[in-house]
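One letter stands for each residue in the lines below.
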Amino acid sequence: MNRDEIGELAAAYALGGLEGEELARFEALLEAGDADALRALRECGDTLVGLAAAAPEPPPPAVRAALMERIAAAPAARPSAPVRPLPPRRSRALWPVVLSGAMAAGLAAVVVGWSVSSTYEKRLDALARDAEQLRAELRGQQAVIAILRDPATQVVALAGLPPAPGARARMMWHAQAGGVFVATGLPAPPEGKAYQLWAIAGSNAPVSAGVFTVDASGSGSLAVRPLPGVSAVNAFAVTLEPTGGLPAPSGDMYLLGKS
Amino acid sequence: MPPLTPGSESSAALVAAIAAGDRDAFGRFYDLTAPMAFGLIRRVLRDPEAAAEVLQEVFWQVWQDAARYDPTRGSPEAWLVTRAKTRAIDRLRSVRRRDRTFVAPVDESVAPRREEQAENPAVVAEDRSLVQNALAQLPEAQRRVIELAFFEGLTQSEIAARLGEPLGTVKTRARLGLERLRGVLGGERLSVT
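Residues numbered from 1 in each chain as written. Chains lettered and ligands numbered in written order. Predicted model: local features only at pLDDT ≥ 70, side-chain atom pairs only at ≥ 80, totals over all residues. Heavy atoms only, no water.

Caption draft 1: Up close: the overall build of chain A. In terms of helices and strands, chain A carries 6 helices and 8 strands. Going from N to C terminus, chain A has its helices and strands arranged as α-α-α-α-α-α-β-β-β-β-β-β-β-β. In chain A, which comprises 259 residues, the share counted as buried stands at 34%. Sequence separation of 24 or more characterises 56% of the internal contacts of chain A that already satisfy a separation of 6 or more. In the structure as shown, chain A presents an accessible area of about 14,600 Å², 60% of it carried by carbon and sulfur atoms. (Helix = DSSP H or I, 4+ residues; strand = E, 2+ residues; numbered from the N terminus. Buried < 20%, exposed > 50% of the residue type's maximum accessible area, 1.4 Å probe, protein only. Contact = heavy atoms within 4.5 Å. Areas by Shrake-Rupley, 256 points an atom, 1.4 Å probe, with all protein chains shown as cover.)

Shown next as structure tokens:
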């Protein structure tokens, strides 16, 4: 962008007539601290100050009196704190409210934009999909956070067994809410196979907690729903099973941890 | 003449003090800058009562938002001028929507044509306002663009439509007009002080 272009953007910005994409572009330059843009804007601003200062007019004294009275009545704490972070202790209760509020605002903006211009429909569709996806992810993460925060949640460490001695895993388990399982150091399962997580309660038969696979680095995770009829779990184990899993373990055991 | 020096350290220091809740600093900043702001608001908005209300709103904003003033973008006076202009235009629009008779829009009577001045030196002598002198020294086309933008709040595309000119022409005229005005005002100010 040459000097004249920056000068034009700055002039229009200072005069208040810049709009749309150009406004966004110039704002971005200012935000980035572009020296030419800032200098051009300062020059334009000073010129307009000169224009205004050339024709001063004494304001009615009542305005000053009213302002000073208003300010004297204003609270000592400045009223201009723009963004206040949420108090962390109350955030568990507030999260759903705040997030649904933010989401509602986002969707409201989407709805308003819709009526403004049909050319943005496609983009808005994409945004709405993004919003829905984010909301779903958020619900998942909120569930995980709720589990992690609950004192009744057990953390069970699983250690690697001979097929994968370097493997490690953690099970965050809450009898009513379910749990989150994360594993590292597992070899990629052979074709047609997957890892299956088992909950073992007392002398009962192991109950399947789900099937998972691992990425190229050997890491995998699994969100576990509450297991009906299983309250006190003594141990968690991981075996290699056919893809899709089996009702009872049949393959080699890769991880085991007792609670 | 100018009651203030744009970007002077004192006005910046005053705004910083206002941001910290200093009421005396606010009073001093008001005394220093309110006549300039009021003159501008009155230029946009002829009704004195409406102008006084807008002035109060503008300075109430100054009190509330002083912490957001960014010195890299301009002097406190420029910050104030932008706010005063924006508020006055907002008011102008709402008043126009409500009742057109309250407002005399900026027209040819405000800033005498350059040709008239050249023809009649008495007109120049009678001009009390430097604004008029300064604007009148711009070529007509540049003057119109600046007036429509600054005193009537039109966007550049609105100006282009109003004048029947290409948008690019309006942009260039705004830039050249401000550049020229800068020279004119600088010169005028020196001659007055």
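Moving on from the coordinates now.
Caption draft 2: Local environment of the environment of Phe-151 of chain B. Residue and element names in this part refer to chain B. With respect to the helices and strands, Phe-151 occurs in the loop between helix H8 (140-150) and helix H9 (156-163). Residue classification places Phe-151 among the buried positions, given a relative accessible area of 3%. Considering only alpha carbons, one finds Phe-151 and Ile-41, 110 residues apart in sequence, at a separation of 8.9 Å.

Caption draft 3: Seen up close, helix H3 (residues 35-53) of chain A. Taking 1.5 Å of rise per residue, the 19 residues of H3 of chain A would be expected to cover 27 Å, and the 26 Å separating its terminal C-alpha atoms lies within 8% of that figure. The backbone nitrogen of Asp-36 of chain A lies 3.2 Å from a side-chain oxygen of the residue at the head of H3 of chain A, namely Asp-34 of chain A. (Expected span 1.5 Å × (residues − 1). Polar contact = N/O pair within 3.5 Å; in protein donor to acceptor, adjacent residues only side chain to side chain.)

Caption draft 4: Focus on the confidence of the model for chain B. Residue and element names in this part refer to chain B. When pLDDT is averaged along chain B, the result is 79; 73% of the residues meet or exceed 70. Below pLDDT 50 for its whole length, residues 101-128 participates in 41 contacts with residues either more than four positions away or in separate chains. Low pLDDT, under 50, characterises residues 188-193; the stretch is placed with 10 contacts to residues that sit more than four places away or in other chains. Scored as a complex, the prediction yields pTM 0.53 and ipTM 0.78. (pLDDT = per-residue confidence, 0-100.)

Caption draft 5: Structural view of the sheet that holds strand S7 (residues 235-242) of chain A. Residues and elements named next belong to chain A. Pairing is antiparallel across the open sheet formed by 8 strands, whose spatial order is S5-S4-S7-S8-S1-S2-S3-S6. Looking along the sheet, the strands with just one partner apiece sit at the ends: strand S5 (207-212) and strand S6 (220-224). For this sheet the average axis-to-axis angle between neighbouring strands, irrespective of direction, equals 20 degrees. Two elements, strand S3 (residues 178-184) and S6, share 5 bridges in a ladder whose sense is antiparallel. Its bridge partner being in S6, Ala-183 is matched across the sheet by Gly-220. (Pairing = 2+ DSSP bridges. Axes fitted to C-alpha atoms, helices over the stretch in contact; angles between N-to-C directions.)

Caption draft 6: How the structure looks around helix H3 (residues 48-65) of chain B. With 18 residues, H3 of chain B extends 25 Å between its outermost C-alpha atoms, agreeing within 8% with the 26 Å of an ideal straight helix rising 1.5 Å per residue. The backbone nitrogen of Glu-49 of chain B has a side-chain oxygen 3.2 Å away, supplied by the residue at the start of H3 of chain B, namely Asp-47 of chain B.

Caption draft 7: Quick look at the side chain of Thr-47 of chain A. In this structure, Thr-47 of chain A sits in helix H3. Owing to a relative accessible area of 4%, Thr-47 of chain A belongs among the buried residues under this scheme. Separated by 2.9 Å, the side chain of Thr-47 of chain A and the backbone oxygen of Glu-43 of chain A make a polar contact. Not counting chain neighbours up to four residues away, the residues in contact with Thr-47 of chain A comprise Leu-178, Leu-181, Arg-182 and Leu-185 of chain B.

Caption draft 8: Here's a closer look at the interface of chain A and chain B. Facing the 48 residues of chain A at the interface are 58 residues of chain B. On the surface where chain A and chain B come into contact, there are 8 salt bridges. Arg-175 of chain B is the partner of Asp-4 of chain A in a salt bridge, and the nearest nitrogen-oxygen pair spans 3.4 Å. At the junction of chain A and chain B, the tally comes to 15 residue pairs in polar contact (both at pLDDT 80 or more). Residue assignment for the side of chain A that touches chain B shows that the elements contributing at least two residues are helix H1 (3-15), helix H2 (20-31), H3 and helix H4 (61-73) of chain A. Top element by residues in the side of chain A that touches chain B is H3 of chain A. It accounts for 14 residues. Residues belonging to the side of chain A that touches chain B are distributed by class as follows: 28 nonpolar, 7 polar and 13 charged. (Salt bridge = Lys/Arg side-chain N within 4 Å of Asp/Glu carboxyl O. Nonpolar A, V, L, I, M, F, W, Y, C, P; charged D, E, K, R; others polar.)

Caption draft 9: A look at the packing of H2 of chain A against H3 of chain A. All names here are of chain A. One way to put it is that H2 packs onto H3 with a least axis distance of 8 Å and a crossing angle of 105 degrees. Comparing the axis directions of H2 and H3 gives the class roughly perpendicular. The residues of H3 that touch H2, namely those facing Phe-26, Leu-29 and Leu-30, are Ala-37, Leu-38 and Leu-41. Tallied by class, residues from the contact of H2 with H3 come to 6 nonpolar, no polar and no charged. (Parallel < 35°, antiparallel > 145°, perpendicular 65-115°, else oblique.)

Caption draft 10: Representation of the nonpolar core. By size, the foremost hydrophobic cluster in this structure holds 79 residues, and its most contacted members are Phe-26 of chain A together with Phe-59 and Leu-181 of chain B. Take this core: its biggest share by element is 11 residues, from helix H2 (residues 23-44) of chain B. Not counting chain neighbours up to four residues away, the residues in contact with Phe-26 of chain A comprise Ile-6, Leu-9, Ala-10, Tyr-13, Leu-18, Ala-37 and Leu-41 of chain A. If you look at the next biggest cluster of nonpolar residues, it comprises 27 residues, including Ala-183, Ala-199, Leu-227 and Tyr-254 of chain A. (Core = buried A, V, L, I, M, F, W, Y, C linked by side-chain atoms within 4.5 Å.)

Caption draft 11: Highlighting the packing of aromatic side chains. Going through the model one piece at a time under the given rule, you end up with 11 aromatic pairs over all chains. When the ring of Tyr-13 of chain A is compared with that of Phe-26 of chain A, the centres are 5.1 Å apart and the planes differ by 55 degrees; the resulting orientation is tilted. Taken together, the positions of Tyr-13 of chain A in helix H1 and Phe-26 of chain A in helix H2 put the pair 13 residues apart, joining distant regions of the chain. Each ring, one from Tyr-30 of chain B and one from Phe-59 of chain B, has its centre 4.8 Å from the other, and the planes form 65 degrees; the classification is edge-to-face. Of the two residues, Tyr-30 of chain B sits in helix H2 while Phe-59 of chain B sits in helix H3, which places them 29 residues apart along the sequence. Summarising the burial analysis for this pair, Tyr-30 of chain B and Phe-59 of chain B share the class buried. Through successive ring pairs, a cluster of aromatic residues spans Phe-26, Phe-29, Tyr-30, Phe-59 and Trp-63 of chain B. Arg-70 of chain A extends its terminal NZ or CZ atom over the ring of Trp-60 of chain B, reaching a point 4.2 Å from the ring centre. In this arrangement the basic side chain of Arg-43 of chain B is found over the ring face of Phe-151 of chain B, its NZ or CZ atom lying 4.0 Å from the centre. (Phe/Tyr/Trp six-rings, centres within 6.5 Å; stacked < 30°, edge-to-face > 60°. Lys NZ or Arg CZ within 6 Å of the ring centre and 35° of its normal.)

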